[in-house]
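Architecture at a glance
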Amino acid sequence: MANVVVVGSQWGDEGKGKIVDWLSERADVVVRFQGGHNAGHTLVVDGKVYKLSLLPSGVVRSGKLSVIGNGVVIDPHALAEEIERLRGQGVELSHDNLRIADNACLILSVHRDLDGMRENAASEGARIGTTRRGIGPAYEDKVGRRAIRVMDLVNLKSLPAKIDRMLAHHNALRRGFGEPEIAPDALFEELESVAGRLLPYVDRVWKLLDDMRREGKRILFEGAQGAMLDIDHGTYPFVTSSNTVAGQAAAGSGLGPGGVDYVLGITKAYTTRVGEGPFPTELKDEVGARLGERGREFGTVTGRQRRCGWFDAVMVRQAMITSGVTGIALTKLDVLDGFDELKVCIGYELDGRSIDYFPASQGAQARVTPVYETLEGWSGSTAGARSWADLPAQAVKYVRRIEELIGAPVAMLSTSPEREDTILVHDPFRD
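Structural notes, computed from the coordinates. (Residues numbered from 1 in each chain as written. Predicted model: local features only at pLDDT ≥ 70, side-chain atom pairs only at ≥ 80, totals over all residues. Heavy atoms only, no water.)

As for the nonpolar core
With 87 residues, the main nonpolar core has Ile-74 and Tyr-398 as its most contacted residues. Tallying contributions element by element places helix α12 (residues 393-406) first for this core, with 6 residues. Once residues lying within four places of it in the same chain are set aside, the contact partners of Tyr-398 are Ala-269, Phe-311, Leu-333, Leu-336, Leu-342, Val-344, Leu-375 and Trp-378. (Core = buried A, V, L, I, M, F, W, Y, C linked by side-chain atoms within 4.5 Å. Buried < 20%, exposed > 50% of the residue type's maximum accessible area, 1.4 Å probe, protein only. Helix = DSSP H or I, 4+ residues; strand = E, 2+ residues; numbered from the N terminus. Contact = heavy atoms within 4.5 Å.)

See the structure below:
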C-alpha cells in the first residue's frame, strides 16, 4: 500500500479539502507537515460542514489517527478553539486520535503582534499580504533558534531563559516600531496557560510514523497552501514562510523521504490567487468576475476574494517538477461550463523573448506576459459527472491538453463540491 502526499500545485485554494477528505477515508493516519492556521479547508461529511485550519482532515472520521508534524507552527489558542468547535459538532479529540509533535514550534502573541506591525508599516505595494496570524515571525524564530517548542512546556522552570532569548529579539523590534516592550512575566503566563491544552496530545511523531509505516498503515500527508507559495520555489517574496512542496512532507514529519510513495498535485482547472504578488494570467474583466462568481472564490480562513484567471500550464508544469508530482487531481472543471472558448497559458514573453519557465526574479515575474493557446469550450454540463462518458467531448479534450502541457496524468477529476462527484482514474493508495 502506498503512502500519499497531497500538495497544491498553484497558489493554494485548489480544492484540497474535498480530495483530502476523499483520501482520508481510505487512510489510517493523516499528517499535517507544514504551515499554520493560515491554511484552511472545508469538509462536508454526512451533510455536516467542518472548517479546519490546523487539524488534519482525519479528525472528523472515526478510527483515524491525526498527526500535527514538526513542520507546523502551532498557535495553541487557535488550536484549542478549533478543538472546542469540533467538540461542539460531536467530534471528540484525545491522545487516541490526535498527536502533536513534541518538536513543533509555537506561535505566540509576540508573533501575531509583529506580523501586524510589519504589514501596517509597509507601503501599499510592499505588503506581502499575510494573514497577520504570526506564522512568518514564528518560522523566523525557529530558524533563528530562539523559538519555544511544544516540548519546552513540559518543564516550565526552563522557560525564563528561553523567554529572555526570544524577547531580546522581539523587544528590539517593538522599540523600532514605537510599541511597548513585552514583559517576560507576561509571556511566561501565556505559556503556562496553554501548556495543559497541548501536552495531552504530545508524542515523538517521527517514531510514531515509523511504527505505523512498519505495520503497513496507509499514511496520508496533507500539505497547506500551494507550491507557488513555497518559500524557495514560489513567487518570492509574495510567498508563505514554509516549504509547501512535497519534499517537506519528509522533513516536516520526520518519516523521511523513503516513506513517500505517491505525490498527488491538486490542480484547479483555472487559476486563482489571494492577496498580493504576480499573476500573469489574471483576468480583471467580466470573464475573471464570472470565474470568481461561479467558483465561489473566497478564502476559507480570510474570506478575501480571490483573483481569477486562465489556467497557467507553465507555472503548474514547474510545480510538477519541484514537487515530484506523480499524478494530479483536477478540480472545479464544472466552473468552465458554458464558455465559448478557453485559454491556456503555454509560455511567457519576457523583454521580447520567449521563455518556458516561471522566472525566479521578482522583477521578471512582474514583467512576464502570457502566451495563450485557445481551446474550444463546451455548452454541455460537467457538473456532477462521475465517468468520462458523462463529460462533453470538448471538456475531455481540455483535460487531455492540460495533461500534455504539464507533463502529468490526471488521477482524479472533481466535477462539483460533492465528494461523490469524482472520476477516479488511479487510486493513489494503490497505484
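Structural notes on the pairing of strand β5 (residues 65-68)
Taking every second residue as pointing to the same face, both faces of β5 are buried, with Leu-65 and Val-67 on one and Ser-66 and Ile-68 on the other. Pairing of strand β2 (residues 29-32) with β5, which is carried by 4 bridges, proceeds in the parallel orientation. Within the sheet, the bridge partner assigned to Arg-32 lies in β5 and is Ile-68. Sheet analysis places β5 next to strand β7 (residues 98-101), joined by 3 bridges and oriented parallel. (Pairing = 2+ DSSP bridges.)

So, the environment of Thr-244
Within the secondary structure layout, Thr-244 lies in the loop between β10 (219-222) and α8 (248-251). For Thr-244, a relative accessible area of 1% puts it in the buried group. Put simply, Thr-244 and Leu-208 are 36 residues apart on the chain and 23 Å apart in space, counted from C-alpha to C-alpha. In contact with Thr-244, other than residues within four places in its own chain, are Val-7, Gln-34, Ala-224, Gln-225, Gly-226, Ala-227, Leu-229 and Asp-230. Here the side chain of Thr-244 touches Gly-226 through a polar contact of 2.7 Å, landing on its backbone oxygen. (Polar contact = N/O pair within 3.5 Å; in protein donor to acceptor, adjacent residues only side chain to side chain.)

Re the pattern of salt bridges
Note on pairing: side chains with opposite charge can pair once their charged atoms come close. Tallied over the entire structure, the rule returns 26 salt bridges. Residues Asp-113 and Arg-174 are paired through a salt bridge, measuring 3.0 Å at the closest nitrogen-oxygen approach. Of the two residues, Asp-113 is situated in helix α3 (residues 109-121) and Arg-174 in helix α5 (residues 159-176); the sequence distance between them amounts to 61 residues. Taking relative accessible area as the criterion, Asp-113 reaches 31% and is therefore assigned partly exposed. Linking Glu-140 and Arg-118 is a salt bridge whose minimum nitrogen-to-oxygen distance equals 2.7 Å. One end of the pair, Glu-140, is in helix α4 (residues 135-143); the other, Arg-118, is in helix α3, with 22 residues separating them in the sequence. The partly exposed category is assigned to Arg-118, whose relative accessible area is 30%. Look at the salt bridges and you will find they share partners, linking Asp-13, Lys-268, Glu-297, Arg-306 and Lys-332 into a network. (Salt bridge = Lys/Arg side-chain N within 4 Å of Asp/Glu carboxyl O.)

Quick word on the packing of aromatic side chains
For any pair of aromatic rings, the description rests on two quantities: the centre-to-centre distance and the angle between the ring planes. Within the structure shown, the criterion is met by 4 aromatic pairs. With a centroid separation of 6.0 Å and an interplanar angle of 70°, the aromatic rings of Trp-310 and Phe-339 are classed as edge-to-face. Of this pair, Trp-310 sits in the loop between β13 (307-309) and β14 (311-312) while Phe-339 is found in the loop between β15 (327-331) and β16 (341-350), placing the two residues 29 residues apart along the sequence. Above the ring of Phe-339, the side-chain terminus of Arg-290 is found at 4.0 Å from the ring centroid. Stacked on the ring of Trp-388, the Lys or Arg Arg-400 has its end atom at 4.4 Å from the ring centre. (Phe/Tyr/Trp six-rings, centres within 6.5 Å; stacked < 30°, edge-to-face > 60°. Lys NZ or Arg CZ within 6 Å of the ring centre and 35° of its normal.)

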